[in-house]
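# Analysis of the macromolecular model
Chain by chain, the residues:
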Amino acid sequence: MRAASGAEPRAELVHYLHQLGERLDDAQAGAVLAAVLGGAQYDDNMQNLRQTLLAQIVDALRPAVTAAVNRGRLRDDVTAETFAMTTVGPLVYQRFLVGARLGHDTVDAVVDAALRAWAP
């Protein structure tokens, strides 16, 4: 899921979030996400699945976020969790609430906005 090791942090973040965008653009992704989120309110197994999905997203972003912090592209207090909040959230909004497909321009704009928002 990650870009080549040692790549510039922005490139790695964009790479992973493009892949996530492609998955969210899948025709069945909305139904699956709705089922998981809805079921997680009442069912322990669905809660566990939601947590697993969230952990996979955050864990995939963690190396690039850490590299961006270490290279001075992001503030020291930025974590993979906070970066996911400011990138994955807008992508989910665009895809499922607006109904827009997640092209490269959208993903790039979201990543760049997050990098600006969390810049030192």
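Structure shown above.
Conventions adopted
- Residues numbered from 1 in each chain as written.
- Predicted model: local features only at pLDDT ≥ 70, side-chain atom pairs only at ≥ 80, totals over all residues.
- Heavy atoms only, no water.
- Helix = DSSP H or I, 4+ residues; strand = E, 2+ residues; numbered from the N terminus.
- Buried < 20%, exposed > 50% of the residue type's maximum accessible area, 1.4 Å probe, protein only.
- Core = buried A, V, L, I, M, F, W, Y, C linked by side-chain atoms within 4.5 Å.
- Contact = heavy atoms within 4.5 Å.
- Polar contact = N/O pair within 3.5 Å; in protein donor to acceptor, adjacent residues only side chain to side chain.
- Expected span 1.5 Å × (residues − 1).

### Notes on the environment of Ala-64
Note on placement: Ala-64 falls in helix α3 (residues 44-70). A residue is classified by how much of its surface remains accessible, and Ala-64, at 3% relative accessible area, is buried. Remark: the alpha-carbon pair of Ala-64 and Thr-86, spanning 22 residues in sequence, is separated by 15 Å.

### Regarding the nonpolar core
Leu-13, Leu-17, Leu-61, Leu-74 and Phe-83 are the most contacted members of the largest nonpolar core, which totals 28 residues. When residues of this core are traced back to their parent elements, those giving at least two are α1 (9-25), α3, α4 (80-98) and α5 (104-117). In terms of residue count, α3 provides more of this core than any other element does, eight residues in total. Residues in contact with Leu-74, not counting those within four places in the same chain, are Val-65, Ala-68, Val-69, Phe-83, Ala-114, Leu-115, Trp-118 and Pro-120.

### Some points on the side chain of His-18
On the secondary structure map, His-18 appears in helix α1. Here His-18 falls in the buried class, since its relative accessible area comes to 11%. A polar atom in the side chain of His-18 sits 3.0 Å from the side chain of Asp-108. Ignoring any residue separated from it by four or fewer positions in sequence, one finds His-18 in contact with His-104, Val-107 and Asp-108.

### Quick look at α1
With 17 residues, α1 extends 24 Å from end C-alpha to end C-alpha; this agrees with the ideal 24 Å at 1.5 Å per step. Along α1, the residues classified as buried are Pro-9, Glu-12, Leu-13, Val-14, Tyr-16, Leu-17, His-18, Leu-20, Gly-21, Leu-24 and Asp-25. If you follow the buried residues of α1, they end up packed against α2 (29-40), α3, α4 and α5. Taking the backbone nitrogen of Arg-10 as reference, a side-chain oxygen 3.0 Å away marks Glu-8 as the first, capping residue of α1.

### Quick look at the environment of Val-92
Following the sequence through the fold, Val-92 ends up in helix α4. Taking C-alpha positions, Val-92 is 12 Å from Glu-22, a pair spaced 70 residues apart along the chain. In this structure Val-92 touches Leu-24, Leu-33 and Leu-97, once residues within four positions along its chain are discounted.

Nothing here speaks to function; it is all geometry.
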